Amino acid sequence: MTALYDICNAFPSVAHLWLFAVLSCIQLNPLVYRLIQMLYYNSEAYAYGTGTGDLLFHVLAGVRTGCPLSATLFLIALNPFVDLFEYLSDGPKISASCMCADDIGSALRALKHLKIQHSIFRFCAKVSAMELKPSKCFLIVSIREPEEHLKQAIRNWLIANIQNGRTSISWEPPNIWVFF
């Protein structure tokens, strides 16, 4: 079975507090850290259209328009979760995963191993605000003779075992493709 995941909105969804926590942990060059701080730390939005210049809100996540660092910063923010995939899923040989930008593909030994990967994504959403986009997530099941009741059985298992504990965005089972 193959699971294909997509992080919703990639870098714009990364909580700035998470980003700076990761940047501190990797001991980034102080000058580069200061540059990123100047771009993203304590960012605020003001109302200029009415001429008042009033503070609207503090920006806790998001990207500066055209920021050339956004792709790199996203990968740095995602890397601790890539390490969790390696430690909890790929290392014990229950999956083989590959990451490319905000997409993650994982070949799994069994459906039950989705629980482990789901726990990683649930943790990721809680600490960094990065969540999966359900409409762009897929399960590809390879069997000898596909039947419609198999898809429904997988959906039912996903609802019973994966949906529980879901936070913030509404969850729906991923699209399921069956090949033989």
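This text goes with the structure placed above it.
Residues numbered from 1 in each chain as written. Predicted model: local features only at pLDDT ≥ 70, side-chain atom pairs only at ≥ 80, totals over all residues. Heavy atoms only, no water.

(A) Just the pairing of strand 2 (residues 44–47), in detail. Side chains Ala45 and Ala47 of strand 2 all project onto a buried face; the interleaved residues Glu44 and Tyr46 project onto a face where none is buried. Relative to strand 3 (residues 54–58), strand 2 is paired through four bridges, and the arrangement is antiparallel. The partner of Ala47 across the bridge, within strand 3, is Asp54. (Buried < 20%, exposed > 50% of the residue type's maximum accessible area, 1.4 Å probe, protein only. Helix = DSSP H or I, 4+ residues; strand = E, 2+ residues; numbered from the N terminus. Pairing = 2+ DSSP bridges.)

(B) Up close: the environment of Leu39. Topologically, Leu39 is positioned in helix 2 (residues 30–40). Separated by 24 residues in sequence, Leu39 and Val63 have C-alpha atoms that sit 9.1 Å apart.

(C) Looking closely at the state of the cysteines. One pass over the full model with this rule turns up zero disulfides. Here Cys100 stays free of any disulfide, with the sulfur of Cys98 as its closest cysteine sulfur at 9.4 Å. (Disulfide = S-S within 2.5 Å.)

(D) Region of the structure containing unusual backbone geometry. Not every positive phi belongs to a glycine, and Ala10 is a case in point at roughly 45°. Here Ala10 is to be found in the loop between strand 1 (2–6) and helix 1 (16–25). For Ala10, a relative accessible area of 18% puts it in the buried group. Its identity is not glycine, yet Ala101 carries a phi of approximately 55°, on the positive side. Note that Ala101 resides in the loop between strand 4 (95–100) and strand 5 (103–108).

(E) Region of the structure containing the packing of aromatic side chains. Taken as a whole and assessed by the stated rule, the structure comprises six aromatic pairs. Taking the centre distance of 5.2 Å and the plane angle of 25° together, the rings of Trp18 and Phe81 count as stacked. Of this pair, Trp18 sits in helix 1 while Phe81 sits in helix 3 (residues 70–90), and the two are 63 residues apart along the sequence. Residue Trp18 is classed as buried on the basis of its relative accessible area, which comes to 17%. Here the aromatic rings of Phe20 and Tyr33 are separated by 5.8 Å at their centres, their planes lie at 75°, and the arrangement is edge-to-face. Of the two residues, Phe20 sits in helix 1 while Tyr33 sits in helix 2, which places them 13 residues apart along the sequence. Each member of the pair, Phe20 as well as Tyr33, is classed as buried. Members of the aromatic cluster, joined through ring pairs, are Tyr5, Phe85 and Phe121. (Phe/Tyr/Trp six-rings, centres within 6.5 Å; stacked < 30°, edge-to-face > 60°.)

(F) Broad picture of empty space enclosed by the protein. Applying the stated criterion across every chain yields a total of two cavities of 30 Å³ or more. Of the volumes computed, that of the second largest cavity is approximately 30 Å³. Lining the second largest cavity are Ile7, Leu78, Phe81, Val82, Phe85, Ile104, Ile120, Phe121 and Cys124. Put simply, the parts of the chain that give the lining of the second largest cavity at least two residues each are helix 3 and helix 4 (114–128). The element contributing the most residues to the lining of the second largest cavity is helix 3, with four residues. (1 Å grid on protein atoms, 1.4 Å probe; cavity = no way out; pocket = protein on both sides within 12 Å on 5 of 7 lines; lining within 4 Å. Points joined across faces, edges and corners; volume = space filled by probe spheres on them.)

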